[in-house]
Amino acid sequence: MEALYYRQLENKVVQCTLCPHECKLKSGSIGICKTRYNDNGVMKLTNSGVIASSGLDPIEKKPLYHFFPGSKIYSIGSYGCNMKCSFCQNYEISQYVPDGNSGLKENLPQDIVNKALFLPQNIGIAYTYNEPTVFFELMYPTAKLAKSKNLKNVMVSNGYINPDPLHELIDIIDAFNIDLKAFNNEFYRKQTGGKLVPVLRNLKAIKKNGNHLEISFLVIPNLNDSTHEAIEMFKWINEMLGSDTPLHINRYYPAYKLNEPPTPPEKLIELREYAMQYLKFVYIGNLHFSDIGTNTVCPSCNTTLIERHGYNTKIKMVDSKGYCKICGYGPIVVLS
Ligand code: SF4
């Protein structure tokens, strides 16, 4: 399949315009994400319609805590990524891409939407597991069709996408979870191969458009766990996106090329305490043996609104419109 976002230059060179890398490719070359290549002056995909992984997941696993809490969502992912994080927790599908001739099944948007409609108690489709930007050509028509059938669309992303494709998505994706991997461009350059500024720009664009937005921050010992830097991040979220933006501070475990020990729980708790000075909803994720920082609490009257134990979610004190049943604060969560 031909790629949607690219331009043709002289001598059959093509330039991808999907993400800020803007790879320029000679005939026969492949992009950083390994999902787009130059076939004699035409940019084509190696992952056309390919689904590497799928499942009916709790929405909390994305993680989204303020968007249909307690619901399930059909989740799909493909191969490839436009970042090269040394600590990638899904590296088997993000950093490995089978070549375009490997005979993998090409899924059509109609098939994916039909499956989503058939699954019991499913609210929609999440584009997740690997970076959905690099399967834009499958995600976009699928999300458009899903929306027409009243399914919800969720994108779980590193936020590294150019403004034009993002604006197309913003109209059809209901909720985003975006990774903010650090508040430091040097970290982005060295550890991910990307840049911080486009991610910040995209976070602001998503919020400005009014889409539901939650942020994930994976805390890695000795790499992005500076308290000072984290506080700068929390302040930025407060000022640019609003204090009601849910933030998930997640525990790192050794994966792929990185062998640092898992994040000490005390570090996560400390960062959460700082974050709560600027943000109303701050959660701790991946701390499997503990429920610290998992409940949703009303910032006005301190009532526990939603209780979580692992992926077991109980909505306790939220009305059908997402407001606190005790003091009326809100809306806090999206329920319709
Ligand atoms: S999507 Fe892939 S090919 Fe396109 S600019 Fe980004 S990394 Fe390069």
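Residues numbered from 1 in each chain as written. Predicted model: local features only at pLDDT ≥ 70, side-chain atom pairs only at ≥ 80, totals over all residues.

## Observations regarding the pairing of strand β15 (residues 304-309)
- Direction of pairing for strand β14 (residues 296-297) relative to β15: antiparallel, over a ladder of 2 bridges. Paired with T296 across the strands is I306, a residue of β15.
- Between β14 and β15, which pair antiparallel one after the other, the connecting turn spans 6 residues, and N302 there sits at a positive phi close to 70°.
- The pairing of β15 with strand β16 (residues 312-315) spans 4 bridges and is antiparallel. Bridged to I306 within β16 is I315.
- Once β15 ends, the chain turns through 2 residues before running back antiparallel as β16, passing G310 with a positive phi of about 60°. (Pairing = 2+ DSSP bridges. Helix = DSSP H or I, 4+ residues; strand = E, 2+ residues; numbered from the N terminus.)

## Comments concerning the domain arrangement of the protein chain
- Domain boundaries in the protein chain define domain 1 (6-45), domain 2 (53-292) and domain 3 (295-336).
- Computed from C-alpha coordinates alone, the two centres of domain 1 and domain 3 are separated by 47 Å. (Domains from an automatic or database assignment.)

## Notes on the site of the ligand
- Taken together, 13 residues lie near the ligand, and C16, C19, C23, G31 and C33 sit nearest.
- Along the lines of polarity and charge, the residues of the shell around the ligand split into 7 nonpolar, 4 polar and 2 charged. (Near = placed C-beta within 6 Å. Nonpolar A, V, L, I, M, F, W, Y, C, P; charged D, E, K, R; others polar.)

## Quick notes on the nonpolar core
- In terms of nonpolar packing, the biggest core is built from 80 residues, with I125, V219, L247 and I249 touching the most fellow members.
- Looking at which domains feed residues into this core, each of domain 1 (6-45) and domain 2 (53-292) gives three or more.
- Setting aside anything within four residues of it in sequence, one finds I249 in contact with F217, V219, L268, L271, R272, A275, V282, Y283, I284 and G285.
- L305, C324, I332 and V333 belong to the second-largest nonpolar core, a separate cluster that totals 7 residues. (Core = buried A, V, L, I, M, F, W, Y, C linked by C-beta atoms within 7 Å. Buried ≥ 20, exposed ≤ 12 C-beta atoms within 10 Å, placed from the backbone. Contact = placed C-beta atoms within 7 Å.)

## Some remarks on the sheet that holds β16
- Strand order in the open sheet formed by 3 strands is β14-β15-β16, with antiparallel pairing between adjacent strands. In this open sheet, the two edge strands, each paired with only one partner strand, are β14 and β16.

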